[in-house]
Amino acid sequence: AQSVTQLGSHVSVSEGALVLLRCNYSSSVPPYLFWYVQYPNQGLQLLLKYTTGATLVKGINGFEAEFKKSETSFHLTKPSAHMSDAAEYFCAVSTYSGGYQKVTFGIGTKLQVIP
Amino acid sequence: EPEVTQTPSHQVTQMGQEVILRCVPISNHLYFYWYRQILGQKVEFLVSFYNNEISEKSEIFDDQFSVERPDGSNFTLKIRSTKLEDSAMYFCASSFESGNNEQFFGPGTRLTVL
């Protein structure tokens with residue numbers, strides 16, 4: 001079984017401040033990890049993903065995340081928040097087992113950016 | 001850039017009615033998925049589809065649900081007799097391969113059951 005925990009359903013930061021959105025996962029097999037962003041009334045857009053190799057991955061819009069196996073974490077960061085970053089962010093874990101891919105999403109974190 | 005499209009963007013229906021949600025996956029993709037997101041909750045897997053058959057389904061995907069690829073481009077989700085609790089955003093996704101590959105998501109269809 002696999003699961004994703006996102007700490008903090010709502011996070012508020014000031015414009016220009018560091019963004020840190022937390023994600024912890026559990027998986028019985030090596031996972032692939034994803035962060036998706038959802039703007040109001042829109043679908044899910046991939047921000048970044050970790051598959052294998054370098055544990056620090058960079059994505060679009062200045063976001064990056066670091067895979068820490070020992071902590072089973074994949075936290076999303078951005079050095080300086082912009083107003084346009086206000087959206088909902090979903091962490092997801094994907095495993096491939098028995099011939100099928102299974103993707104499990106976290107509950108999401110709504111990011112508010114305060115001017 | 002190729003993208004997954006879904007129609008309609010919003011569907012309102014009466015309880016007990018049948019609805020069909022439509023998706024056009026990316027053209028060279030072979031694996032297709034439906035997810036749903038009840039308001040305020042997380043995105044949940046419903047079903048995956050490959051080679052014209054269901055490859056995996058969740059416990060949510062009961063006999064009221066069915067999926068079909070009626071032609072070479074569309075992928076549909078049918079709910080036979082909608083219930084109030086079926087109100088949710090439904091996302092279609094597709095991927096080129098199975099394994100741990102990125103799934104590309106559509107913009108979603110918001111289903112409201114009255």
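Structure: see above.
Each residue is numbered by its place in its chain's sequence as written, counting from 1. For naming, the first written chain is A and the first written ligand is 1, with later ones following in the order written. In view of the model being predicted, local features appear only for residues whose pLDDT reaches at least 70, and side-chain atom pairs are presented and counted only at 80 or more, with totals across whole chains, interfaces and linings using the full set of residues. Here the side-chain values reflect all heavy atoms present in the structure, with hydrogen atoms and water set aside.

(A) Highlighting the overall build of chain B. Only DSSP runs of H or I with at least four residues qualify as helices, and only runs of E with at least two residues qualify as strands; both kinds are numbered from the N terminus onward. For chain B, the helix and strand inventory stands at zero helices and 11 strands. From first element to last, N terminus to C terminus, chain B shows the α and β order β-β-β-β-β-β-β-β-β-β-β. The globule rule is 2.2 Å times the number of residues to the power 0.38, and the radius of gyration it is compared with is taken over C-alpha atoms. Computed over its C-alpha atoms, the radius of gyration of chain B comes to 13 Å, within 12% of the 13 Å expected for a compact globule of 114 residues. Its C-alpha atoms give chain B principal-axis dimensions of about 35 × 30 × 30 Å. Relative accessibility thresholds used throughout: buried, under 20% of the residue-type maximum; exposed, over 50%; partly exposed, between the two (1.4 Å probe, protein chains only). A burial count over chain B gives 50% of its 114 residues as buried.

(B) Quick peek at the state of the cysteines. When two cysteine sulfur atoms are found within 2.5 Å, that pair is recorded as a disulfide. The full count for this structure, using the stated rule, is two disulfides over all chains. Bridging C23 of chain A to C91 of chain A, the disulfide has an S-S length of 1.9 Å. Looking down the S-S bond of the C23 of chain A and C91 of chain A bridge, the torsion is -65°, so its handedness is left-handed. With a gap of 68 residues between them, C23 of chain A in strand β3 (residues 19-26) and C91 of chain A in strand β9 (residues 87-97) connect regions that are remote in the sequence. With a sulfur-sulfur separation of 1.9 Å, C23 of chain B is cross-linked through a disulfide to C92 of chain B. Around the S-S axis, the bridge from C23 of chain B to C92 of chain B shows a dihedral of about -65° and counts as left-handed. Of this pair, C23 of chain B sits in strand β3 (residues 19-24) while C92 of chain B sits in strand β9 (residues 88-95), and the two are 69 residues apart along the sequence. Here C23 of chain B falls in the buried class, since its relative accessible area comes to 0%.

(C) Summary view of the sheet that holds strand β8 (residues 73-78) of chain A. Residue and element names in this part refer to chain A. Taken together, the five strands give an open sheet; going across it, the order is β1-β3-β8-β7-β6, and neighbouring strands pair in antiparallel fashion. The two strands at the open ends of the sheet, each matched to only one other strand, are β1 (3-7) and β6 (56-58). The average undirected angle you get between the axes of adjacent strands in this sheet is 20°. Bridge count for β3 against β8 is four bridges, and the pairing is antiparallel. Residue L21 lies in a different strand from β8, and its bridge partner there is L76. Between any two strands, at least two bridges found by DSSP are needed for them to pair. Each axis is a line fitted through C-alpha atoms, taken for helices only over the stretch in contact, and angles between the N-to-C directions span 0 to 180 degrees.

(D) Representation of a nonpolar patch on the surface. Residues and elements named next belong to chain B. On the surface, L30, Y50 and F96 cluster together into a nonpolar patch covering about 270 Å² of accessible area. You can see L30 is positioned in the loop between β3 and β4 (31-37). A relative accessible area of 42% means that L30 is categorised as partly exposed. A patch is a set of surface residues, each over 30% in relative accessible area and not in a salt bridge, joined within 9 Å for like charges and within 5 Å for the nonpolar side chains Val, Leu, Ile, Met, Phe, Trp and Tyr. Only the protein chains shown count as cover for residues, with accessible areas throughout obtained via the Shrake-Rupley method and a probe of 1.4 Å. When a carboxyl oxygen of Asp or Glu is within 4 Å of a side-chain nitrogen of Lys or Arg, the pair counts as a salt bridge.

(E) Region of interest: the interface of chain A and chain B. Listed as interface residues are 21 residues of chain A and, on the opposing side, 20 residues of chain B. For the pair chain A and chain B, the summed buried surface comes to about 1,900 Å²; carbon and sulfur atoms form 52% of the total. At the surface where chain A touches chain B, the tally comes to zero salt bridges. Nitrogen and oxygen atoms within 3.5 Å of one another constitute a polar contact, given that in protein one can donate a hydrogen and the other can accept it, and given that sequence-neighbouring residues count only through two side-chain atoms. The interface formed by chain A and chain B includes two residue pairs in polar contact (both at pLDDT 80 or more). Elements represented by at least two residues in the side of chain A that touches chain B include exactly β4 (32-38), β5 (44-50), β9 and β10 (100-105) of chain A. For this classification, the nonpolar set comprises Ala, Val, Leu, Ile, Met, Phe, Trp, Tyr, Cys and Pro, the charged set comprises Asp, Glu, Lys and Arg, and every other residue, Gly included, is treated as polar. Tallied by class, the residues present in the side of chain A that touches chain B amount to 12 nonpolar, eight polar and one charged. Only heavy atoms matter for contacts: two residues are in contact if any of them lie within 4.5 Å across the pair. Summed over both partners, the accessible surface that disappears when two parts come together, traced with a 1.4 Å probe, is what is meant by buried area.

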